[in-house]
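Structure at a glance
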Amino acid sequence: MTAKKPTEDSREPPETRMLRYLYIGKEYMEYQPGNWFVHNYFNIQRVPSIEEMASDSETELKPIEIINSVFEKDKNLVQNYETIVFALAVCARQTKSEKLRFQAYSNVKKICAAPEHFLLFTKFVNNITKSSSKKIGCGHGWKRAVDDWYKSKSYMELAECVTRCNSRYGWKHKDILKLAHLPVGCLKASDKTMLPDIPDNILVQNITFCYITHGLKEVKKIFGDSNSPHLQERPNSLQVMKYLEKIMEFKHCEDEVSAASLLEVNNFTLEHVPGHFLKSEEMWNALMTSMNYTTLLENIQKLHNLGFLKPNSTIVSKIVDILLDQEKLDQEKIHPAHILITIRNYENSGKPLSYEKRKVREEAKKQHPPPPEPNKKIVKTLYTALNLSFSYLETTGMRYLITIDMSKTMQESRVWHCGNMVPAEVGCLLALSLLRSEKNVTIATYKNVGIHVTNFDKNHSFAQAYTKLSHQPTGIVNLSKPMAWATFQKKKYDVFINVVDMISMNNDTSAEGIKTYRTEMNLPDAKLINCVMCDSSYRKETVDKNILTICGFDQKVPKIIEAFSKSSF
């Protein structure tokens, strides 16, 4: 069932609603994890605020200003960068303001600098054009943006982009170049006599574009190979040609040992690996040399299912080294939530299946054999990494009161969209994360009368913290209790967080509770976050820009809480 959009949204400034969309995918105050492509988040009707601003000559450029502001100051807190790319595409394809269209296309090379984002922008622009009632083509603006994007890359940067990310989201660079009618690949094999007269900067561009549209075989017919005399005096063209030859040698190599060696020598990444080597243990061993932390977390279950994580294997030792690499933990800002979700999924043999997939599996005549038991050494190392990761959290400087329902339901039911975790674990994770990163944090549980404040040792491991939390008093949940207690105690907090299994709309008094607290304590911007662990949607008609509802959980939730706490949206 689709969440109903609150009626008060129309009374909020379009700037506020657009900014909200960039962070949580909606123009109203509710975040839900999941596959936003499947659930149609990237539909022009999801962000009407852009056309509203474009229709007014005083605000027509405001959408691109918002996008640039978020990109330059806060993009690390935007957990689904696709919303920024989509908003840019909407700006580029709306028909209310020509100035906004021009500015949107002018910013493509900056906002969509990564090739995957550029291909996604193309997909969004194409989808918006198809769904439009006005049958219009891509136009000169889009063609100019495409031309600018390719020309903004250095010769080697472009070669690396198109080989590492040749296609995404159903689009290829080849498709884009043909659709944009760029003047590339204009030389033919019969034009070899012209090569000595072509400047190096033009020649290197022709080599790369010819590779994109026709492949290396045609490139060699026209331009020769890296041993050709006319390339020896052109260092840029020679370097690109050698790189393309190495790429093709790697992709067409049949021997996994030789291919693994080529990968290490040339610093290729997982995205360069051809499909026939994705099940090669030798290849994965080589990939570990340069693999980043996030990619490893996302592929541990796959490596396990392939049977590579045998006790005392070389690849297990390499995985352990990466997981305990504190420099990588710090550089990539890995949140404990990402590691804990990985642990729970790995312990339970993969991500939780959706209802339909479970139904199909249960009804299948031939049951799939379960994968082997998780590698105990890796599980132990993941727990060590989890406790290390708390040390690299960044502070917001806010004052928090987090209240967690520790009832039996919270300790036994499953989190929506994160089905291998129980709700109480999420509450403990959020509480411990705040305790480690902030100076002023109060942790409490619900009891029949008011709340029970718990004294936590900030140096506790996650397991120790969860054990202590599970022994705290429990009682009737009322989301306004934390605010009432804080008002009575004259305690000042900037952010209240409630972690519960479900909310009854009929009995939800949290909005009234936070309003009373703001008035009584003279804190007009005090915020409330209701984390609803076991419900996929919470539909309530009232709107308060300082009340956020989060339904379910994923590794992005802590950063969304951080962005909201800092008033980013």
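An account of the accompanying structure is given in this report.

Here is what the cut-offs are and how they apply
- Residues numbered from 1 in each chain as written.
- Predicted model: local features only at pLDDT ≥ 70, side-chain atom pairs only at ≥ 80, totals over all residues.
- Heavy atoms only, no water.
- Helix = DSSP H or I, 4+ residues; strand = E, 2+ residues; numbered from the N terminus.
- Rg over C-alpha atoms; globule rule 2.2 N^0.38 Å.
- Buried < 20%, exposed > 50% of the residue type's maximum accessible area, 1.4 Å probe, protein only.
- Contact = heavy atoms within 4.5 Å.
- Lys, Arg positive; Asp, Glu negative; His and termini not counted.
- Charge placed at Lys NZ, Arg CZ, Asp CG, Glu CD.
- Pairing = 2+ DSSP bridges.
- Axes fitted to C-alpha atoms, helices over the stretch in contact; angles between N-to-C directions.
- Parallel < 35°, antiparallel > 145°, perpendicular 65-115°, else oblique.
- Left-handed = near helix turned anticlockwise from the far one by under 90°.
- Nonpolar A, V, L, I, M, F, W, Y, C, P; charged D, E, K, R; others polar.
- Salt bridge = Lys/Arg side-chain N within 4 Å of Asp/Glu carboxyl O.

Counting its secondary structure elements, the protein chain contains 28 helices and nine strands. Relative to a compact globule of 569 residues, whose C-alpha radius of gyration would be 25 Å, the protein chain shows 27 Å and is just as compact. Seen through its principal axes, the protein chain has C-alpha atoms that stretch 90 × 65 × 50 Å. When the 569 residues of the protein chain are sorted by exposure, 52% land in the buried category. Of the contacts formed within the protein chain by residues at least 6 apart in sequence, a portion of 71% connects residues at least 24 apart. Taking the average place of the 76 positive charges on the side chains of the protein chain and the average place of its 65 negative ones, the gap between the two points comes to 2 Å.

Right, let's get into the pairing of strand β5 (residues 440–446). Remark: a regular strand shows side chains that alternate across the two faces of the sheet. Burial within β5 is extensive, with six of its seven residues counted as buried. Taken together, the six bridges between strand β4 (residues 399–404) and β5 define a ladder with parallel strand orientation. Residue Ile402 lies in a different strand from β5, and its bridge partner there is Ile443. Here β5 runs beside strand β6 (residues 451–454); their pairing, made up of four bridges, is antiparallel. Counted as the bridge partner of Ile443 is Thr454 from β6. Following β5, the chain reverses through four residues before pairing antiparallel with β6; Gly450 in that reversal takes a positive phi of roughly 75°.

This part is about the packing of helix α26 (residues 481–489) against helix α27 (residues 510–521). Relative to each other, α26 and α27 sit at 15°, their axes nearing to 8 Å. It follows from the interaxial angle that α26 and α27 lie roughly parallel. When you trace α26 past α27, the crossing you get is left-handed. On α27, the residues touching Met483, Ala486 and Thr487 of α26 are Ser510, Gly513, Ile514, Tyr517, Glu520 and Met521. Here the residues of the contact of α26 with α27 are counted per class, giving five nonpolar, three polar and one charged.

Pairing within the open sheet is mixed, and its seven strands lie in the order β1-β9-β8-β7-β4-β5-β6. The open sheet terminates on both sides in strands that have one partner only, identified here as β1 (30–31) and β6. Pairing between strand β8 (residues 527–532) and strand β9 (residues 547–551): five bridges, direction parallel. Residue pairing in the sheet places Asn530 in a bridge with Thr549 of β9.

Here we take up the pattern of salt bridges. Tallying each qualifying case throughout the model produces 18 salt bridges. We note a salt bridge from Glu12 to Arg20, for which the minimum N-O separation is 2.9 Å. A relative accessible area of 2% means that Arg20 is categorised as buried. Between Lys26 and Glu30 there is a salt bridge, with its nearest N and O atoms 2.6 Å apart. The class of Lys26 is buried, set by a relative accessible area of 3%. What makes Glu30 buried here is its relative accessible area of 2%. What you see here is one network of salt bridges that share partners, running through Glu116, Arg164, Arg168 and Glu271.

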